[in-house]
Amino acid sequence: MAYADWGDADSERTILCVHGLTRNGRDFERLAAALEADGFRVLCPDIVGRGRSDRLPEGAPYEIPQYIGDVTAMLALENVTKVDWIGTSMGGLIGMAMAALPQTPIRRMVLNDVGPFIPKAALERIGEYVGTGWRFDSFDKAVDHIKRAYAPFGLTSDEDWRYLTEISTAKDDGGGWVNAYDLRIAEPFKAAEIGDADLWALWDVLSVPIMVMRGAESDLLTPDVAEEMTRRGPKAQVIEIPGCGHAPALMDTHQIDLLRDWCRSA
């Protein structure tokens, strides 16, 4: 598993940023640079099968126990015993699972547009596009695709869309722009019939402080679920982010400042 390491290894505080299903650790470059300037160390892994990380061999499943093992190994290698966790979508689910373990390294956590209940309709929508291969012979065509595929991120400037395209794509041997992840990450969506994902039993045993960022137009973290998250389990604080769905990109100044304030507040 490849990862970026920002800041001083001797910093008293380490922030661990974990990306979503089809994403990679470069999503957090702007945030990590801001947090580094604040004196934090920031680790941003490319979860296996994404970005610069290896692809799993045929038959090895892309699933959360694998991801937890890889993150645990990374923390051990870096001699990090406590982290503040920022997880987008899948990264938040990995964080929830790790936070429930005995002697968890997670002190506190941000969940970016994910919670303990995910509606069937949202999972079906994800299942329709994840694992679909694409290839474009020009960067501009790739930008057009990324604008459609990630419209709910809420980015507004052409500069931001081109930046997102740069970190979302890889070049193949023929010079085309292709998916920056292993298409096999879609296998869990195809292995069984999709239904609601109900993780309230996991949520109710969590005891770390949690802040939730919810895209105002999100179909994955619905308003009723976000409200329920404030009333049970760790009783999270919820902040709604206007102008985006699933999930806030954490790339604009407002969202980065919210996270900087959260990191400083510990």
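Residues numbered from 1 in each chain as written. Predicted model: local features only at pLDDT ≥ 70, side-chain atom pairs only at ≥ 80, totals over all residues. Heavy atoms only, no water.

**Q** What's the story with the packing of helix H1 (residues 29-37) against helix H10 (residues 253-264) in this structure? I'm lost.
**A** For any two helices packed against each other, one specifies the inter-axial angle together with the distance between the axes. Put simply, H1 and H10 touch, their axes get as near as 10 Å, and they point 40° apart. Here H10 runs oblique to H1, going by the angle between their axes. Seen along the crossing, H1 lies across H10 with a hand that is right-handed. Listed contacts from H10 to Arg30, Leu31, Ala34 and Leu35 of H1 are Ile256, Leu259, Arg260 and Cys263. Here the residues of the contact of H1 with H10 sort into six nonpolar, no polar and two charged. (Axes fitted to C-alpha atoms, helices over the stretch in contact; angles between N-to-C directions. Helix = DSSP H or I, 4+ residues; strand = E, 2+ residues; numbered from the N terminus. Parallel < 35°, antiparallel > 145°, perpendicular 65-115°, else oblique. Left-handed = near helix turned anticlockwise from the far one by under 90°. Contact = heavy atoms within 4.5 Å. Nonpolar A, V, L, I, M, F, W, Y, C, P; charged D, E, K, R; others polar.)

**Q** What am I meant to see in empty space enclosed by the protein here?
**A** A water-sized probe, rolled over the atoms, reveals where empty space remains. Considering all chains together, one arrives at one cavity of 30 Å³ or more under this definition. Considering only enclosed or pocket space, the largest cavity measures out at about 60 Å³ in volume. Forming the walls of the largest cavity are Asp27, Phe28, Thr88, Asn112, Phe153, Ala247, Pro248, Ala249 and Leu250. Tallied by class, residues from the lining of the largest cavity come to six nonpolar, two polar and one charged. (1 Å grid on protein atoms, 1.4 Å probe; cavity = no way out; pocket = protein on both sides within 12 Å on 5 of 7 lines; lining within 4 Å. Points joined across faces, edges and corners; volume = space filled by probe spheres on them.)

**Q** So what exactly am I meant to see when it comes to the side chain of Ser53 here?
**A** As for its placement among the helices and strands, Ser53 is situated in the loop between strand S3 (41-45) and helix H2 (64-77). Separated by 2.8 Å, the side chain of Ser53 and the backbone nitrogen of Ala2 make a polar contact. Ser53 has contacts with Met1, Ala2, Asp46, Ile47 and Val48, leaving out every residue within four places of it along the chain. (Polar contact = N/O pair within 3.5 Å; in protein donor to acceptor, adjacent residues only side chain to side chain.)

**Q** In this structure, what is going on with the packing of aromatic side chains? I would like to understand it.
**A** Aromatic ring pairs: the centre-centre distance and the angle between the two ring planes describe each pair. The final tally for this structure, using the stated rule, is three aromatic pairs. The ring of Tyr150 carries Arg23 above its face, with NZ or CZ at 4.7 Å from the centroid. Across the ring face of Trp262, the terminal group of Arg108 is positioned such that the distance to the ring centre comes to 4.1 Å. (Phe/Tyr/Trp six-rings, centres within 6.5 Å; stacked < 30°, edge-to-face > 60°. Lys NZ or Arg CZ within 6 Å of the ring centre and 35° of its normal.)

**Q** What is the right way to read helix H6 (residues 158-168) from this model?
**A** Since the α-helix turns once every 3.6 residues, residues separated by three or four places project in the same direction. Every buried residue of H6 is listed here: Asp160, Trp161, Tyr163, Leu164, Thr165, Ile167 and Ser168. Elements in contact with the buried residues of H6: H1, helix H5 (139-149), strand S8 (169-171) and strand S9 (177-179). (Buried < 20%, exposed > 50% of the residue type's maximum accessible area, 1.4 Å probe, protein only.)

**Q** Could you clarify how one ought to interpret the pattern of salt bridges in this entry?
**A** If the charged atoms of two oppositely charged side chains come close together, the side chains can form a pair. As enumerated under the stated definition, the model contains 27 salt bridges in all. Among the salt bridges present, the one from Asp84 reaches Arg107, with a minimum N-O distance of 3.0 Å. Here Arg107 lies in strand S5 (residues 106-112) and Asp84 lies in strand S4 (residues 83-88), a separation of 23 residues in the sequence. One continuous salt-bridge network, built from bridges that share partners, spans Asp204, Glu227, Glu228, Arg231 and Arg232. (Salt bridge = Lys/Arg side-chain N within 4 Å of Asp/Glu carboxyl O.)

**Q** Explain the nonpolar core here, please?
**A** Buried together is how nonpolar side chains tend to be arranged in soluble globular proteins. Judged by nonpolar contacts, the single largest core of 49 residues is most densely connected at Leu16, Trp85, Met109, Leu111, Trp203 and Ile210. Among the elements that line this core, the one with the most residues is helix H3 (residues 90-99), at seven residues. If we ignore the near neighbours within four places in the chain, the residues touching Leu16 are Leu43, Pro45, Val71, Met74, Leu75, Val83, Asp84, Trp85 and Ile86. Counting residues in hydrophobic clusters, the runner-up holds 23 residues, among them Phe28, Val110, Ile241 and Leu259. (Core = buried A, V, L, I, M, F, W, Y, C linked by side-chain atoms within 4.5 Å.)

**Q** So what exactly am I meant to see when it comes to the sheet that holds S8 here?
**A** Hydrogen bonds between backbone groups are what pair the strands of a sheet, and the pairing can be parallel or antiparallel. Taken in spatial order, the three strands line up as S7-S9-S8 in an open sheet, and their pairing is antiparallel. What marks the edges here is a single partner per strand, and that holds for strand S7 (135-136) and S8. Inspection of the sheet shows S7 paired to S9 by two bridges, in the antiparallel sense. Bridging from a neighbouring strand, Phe136 pairs with Trp177 of S9. (Pairing = 2+ DSSP bridges.)

**Q** Is there a simple way to explain the side chain of Thr88 in this structure?
**A** Following the sequence through the fold, Thr88 ends up in strand S4. Thr88 gets classed as buried once you look at its relative accessible area, which sits at 12%. Ignoring anything within four residues of it in the chain, the contact list for Thr88 reads Val18, His19, Gly20, Phe28, Asn112, Ala247 and Leu250.

**Q** Can you help me understand the layout of surface pockets in this one?
**A** Computed from the structure, the largest pocket encloses a volume of approximately 870 Å³. Taken together, 36 residues make up the lining of the largest pocket; nearest its centre are Leu21, Leu93, Leu123, Ile126 and Phe189. At the level of secondary structure, the elements contributing two or more residues to the lining of the largest pocket comprise H2, H3, helix H4 (120-129) and helix H7 (187-190). Tallying contributions element by element places H4 first for the lining of the largest pocket, with five residues. Looking at the lining of the largest pocket, its residues break down into 24 nonpolar, six polar and six charged.

In short, the description is geometric, and any link to function would need to be established separately.
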